[in-house]
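# Descriptive structure summary
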Amino acid sequence: MILLKFIKKYRIAIFFISCIILGFITMPLFHGGYVLSLIHAYTGFKWYYHILLFIGALFASLAVHELTHFIAFLIKGYKNEALILLFMIFYKNEQNKWRLKIDFKLLLLGGGLVFTKLGVIDSDESLERATKATAFSLIAAPSMTIISSLLLLLTTLIFFYQNNILVPLSLYVLIFSLIYIFVSTKEGHQIYGDFVAYKKIKKDADFAFQATLQYSDEISQYQFDIMQNHIDTYNNINFSAKFMTYYMYLLEKNIFDDTEINLQIYNLTYPYINNNYSFKRLLKSTYGIEIIQSVILYASKLGFTERSLELLDQYITYLEEKKINEKYINYITKQTHQLLGLSDESQYINNKRNITSYGLSFIMNHIPSFINSELKRNKGFKPFNLSCKIN
């Protein structure tokens, strides 16, 4: 522990000292003939071959990074359901066999992604195990990325400094690796680099819970209880990311799984059903477009049939005015009509090619767990069996 604290405190100094020591060790190599051989190995290649090597270095660096995420989860005993590398997605089909799909829209992601399966988290022990596995994967990938690139460069400089392929390739791999390391230290709106996410997951229990929540095979009662305890502390909807995430999960559960009204969810949601101003305010919030359909369905389940239709008209009008993706508008309209019993759209909404999502649809449309969750959702819900009418 003391050694780790020392390394952390003096990591910059240790890095530069290591570079100096490495320089002394390899100095005999850097004579006139060596330098000329190295330069010739880099410049003696046709310029268009450098383009190919540059692209190859990009893919190699990305593959090492994402495969380390992938393997790290396997080491910790968890399976993965999808791996994205540039425009390629490797996924498990219904027969649990790996398949490859090509989609150039995935280039919008700007890299790669691993979707893991953390099983059912139903206790403090299983949550801690999943948290440690996630943290291990987060720190392993950028560490392996930079270590592998430095080893490749060092090996090339010592043994293969005359190789026309390895010299430029090792240099380009190092460049991309440094870019990945830089990105891993950054964070944006609900997007965290690996190093940032690792630090947060180690120190912030709420962040760790949310990180594991999205990769759970199914949401357990243990997880619902944690979310419910947080929601119970509010009298009105709070538009923070944490609150809205928990609220969406609990609202969906009360619609599709529960037979009795969750009074806290009802108290939070009813003002947005009853009041047009509040409804539009929720709709225009950060998570509004994703959650409003559930509010409409909830109104129908409560028995407010006419009101749910009015809210649906407002919702679709808003989507069209905002010029949201036409495929999403078409899918969400038909899905809502099906779930409200307005028309039979089952053939359309249960066609996997038509299923889409609002956020990151170019990614989520390829993820088996998302597709399966939508197919389950499309089976519909039953109205609450009320002993008296709600006013």
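Calculation criteria
Residues numbered from 1 in each chain as written. Predicted model: local features only at pLDDT ≥ 70, side-chain atom pairs only at ≥ 80, totals over all residues. Heavy atoms only, no water. Salt bridge = Lys/Arg side-chain N within 4 Å of Asp/Glu carboxyl O. Helix = DSSP H or I, 4+ residues; strand = E, 2+ residues; numbered from the N terminus. Buried < 20%, exposed > 50% of the residue type's maximum accessible area, 1.4 Å probe, protein only. Axes fitted to C-alpha atoms, helices over the stretch in contact; angles between N-to-C directions. Parallel < 35°, antiparallel > 145°, perpendicular 65-115°, else oblique. Left-handed = near helix turned anticlockwise from the far one by under 90°. Contact = heavy atoms within 4.5 Å. Nonpolar A, V, L, I, M, F, W, Y, C, P; charged D, E, K, R; others polar. Expected span 1.5 Å × (residues − 1). Core = buried A, V, L, I, M, F, W, Y, C linked by side-chain atoms within 4.5 Å. Phe/Tyr/Trp six-rings, centres within 6.5 Å; stacked < 30°, edge-to-face > 60°. Lys NZ or Arg CZ within 6 Å of the ring centre and 35° of its normal. Polar contact = N/O pair within 3.5 Å; in protein donor to acceptor, adjacent residues only side chain to side chain. Pairing = 2+ DSSP bridges.

Taken as a whole and assessed by the stated rule, the structure comprises seven salt bridges. Put simply, glutamate 310 and arginine 307 hold a salt bridge, and the shortest N to O gap is 2.9 Å. With glutamate 310 and arginine 307 both in helix H14 (residues 305-321), this residue pair falls three residues apart, about one helical turn. Look at arginine 307 and you get buried, because its relative accessible area is 16%.

Attention now moves to the packing of helix H5 (residues 124-159) against helix H6 (residues 166-184). Closest axis-to-axis distance for the H5/H6 pair is 9 Å, and the angle between their directions is 160°. For the element pair H5 / H6, the angle class is roughly antiparallel. When you trace H5 past H6, the crossing you get is left-handed. The segment H5 lies against H6, with Pro142, Thr145, Ile146, Ser149, Leu150, Leu152, Leu153 and Thr156 engaging Leu166, Val167, Ser170, Val173, Leu174, Ser177, Leu178, Tyr180, Ile181 and Ser184. For the contact of H5 with H6, the residue count by class is twelve nonpolar, six polar and no charged.

With that settled, consider helix H13 (residues 288-301). Owing to its 3.6 residues per turn, the α-helix aligns residues three or four sequence positions apart on the same side. Compared with the 20 Å implied by 1.5 Å per residue over 14 residues, the 20 Å span of H13 between its first and last C-alpha is a close match. Of all the 14 residues making up H13, 13 are buried; the element is thus mostly covered by neighbouring parts of the structure. Of the residues flanking the end of H13, it is glycine 303, one or two places downstream, whose phi is positive at about 105°.

Next up on the list: the side chain of histidine 366. By the element assignment, histidine 366 lies in the loop between helix H17 (361-364) and helix H18 (368-377). Owing to a relative accessible area of 11%, histidine 366 belongs among the buried residues under this scheme. When neighbours within four sequence positions are excluded, histidine 366 is seen to be in contact with Ile89, Lys101, Asp103 and Leu106.

The next thing to look at is unusual backbone geometry. Of note, the phi angle at leucine 86 is positive, near 55°, even though the residue is not glycine. By the secondary structure assignment, leucine 86 is in the loop between strand E1 (79-85) and strand E2 (88-92). Overall, leucine 86 belongs to the buried group, its relative accessible area being 15%. The phi torsion at lysine 323 lies on the positive side, around 55°, for a residue other than glycine. Relative to the helices and strands, lysine 323 resides in the loop between H14 and helix H15 (326-340). According to the relative accessible area criterion, lysine 323 is exposed, its value standing at 75%.

Grouped together as the largest cluster of nonpolar side chains are 71 residues, with contacts concentrated most on Tyr247, Leu251, Ile273, Ile296, Tyr298, Tyr315 and Leu319. Beyond its immediate chain neighbours, meaning those up to four positions away, tyrosine 298 contacts Leu251, Asn254, Ile255, Ile261, Asn262, Ile265, Tyr266, Thr269, Ile273 and Phe384. Listed in part, the 14 residues of the second largest apolar core include Ala57, Tyr172, Val173 and Phe176.

What follows deals with the packing of aromatic side chains. Taken as a whole, this structure holds 13 aromatic pairs when the rule is applied. Residues tyrosine 234 and phenylalanine 243 carry aromatic rings whose centres are separated by 4.9 Å and whose planes lie at 70° to one another, so their mutual orientation is edge-to-face. Ring centres of phenylalanine 256 and phenylalanine 381 lie 5.8 Å apart, and the angle between their planes is 90°; on these two criteria the pair is classed as edge-to-face. Here phenylalanine 381 lies in the segment after H18 and phenylalanine 256 lies in helix H10 (residues 241-256), a separation of 125 residues in the sequence. Chaining the aromatic ring pairs together yields one cluster made of Phe54, Tyr172 and Phe176. If you follow lysine 200 out to its NZ or CZ, it ends over the ring of phenylalanine 207, 5.2 Å from the centre.

Taking the C-alpha atoms as reference, arginine 307 lies 8.4 Å from isoleucine 296; in sequence the two are eleven residues apart. Residues within four places of arginine 307 in sequence aside, it is in contact with Ile273, Asn274, Asn275, Asn276 and Gln314. Polar contacts involving the side chain of arginine 307 include one to the main-chain carbonyl oxygen of isoleucine 273, which spans 2.6 Å.

The next thing to look at is the sheet that holds E1. Strands belonging to one sheet form pairs held by backbone hydrogen bonds; the direction of such a pair is parallel or antiparallel. Taken together, the four strands give an open sheet; going across it, the order is E3-E2-E1-E4, and neighbouring strands pair in antiparallel fashion. Both edges of this open sheet fall to strand E3 (98-102) and strand E4 (112-117), since each of them pairs with a single strand only. Between one strand and the next, the sheet's axes are offset by a mean angle of 15°, whatever the strand orientation. Pairing between E1 and E2: four bridges, direction antiparallel. Following the sheet pairing, leucine 85 is matched in E2 by methionine 88. Of the strands in this sheet, E1, E2, E3 and E4 are in contact with helix H4 (residues 47-75), which crosses E1 at around 170°.

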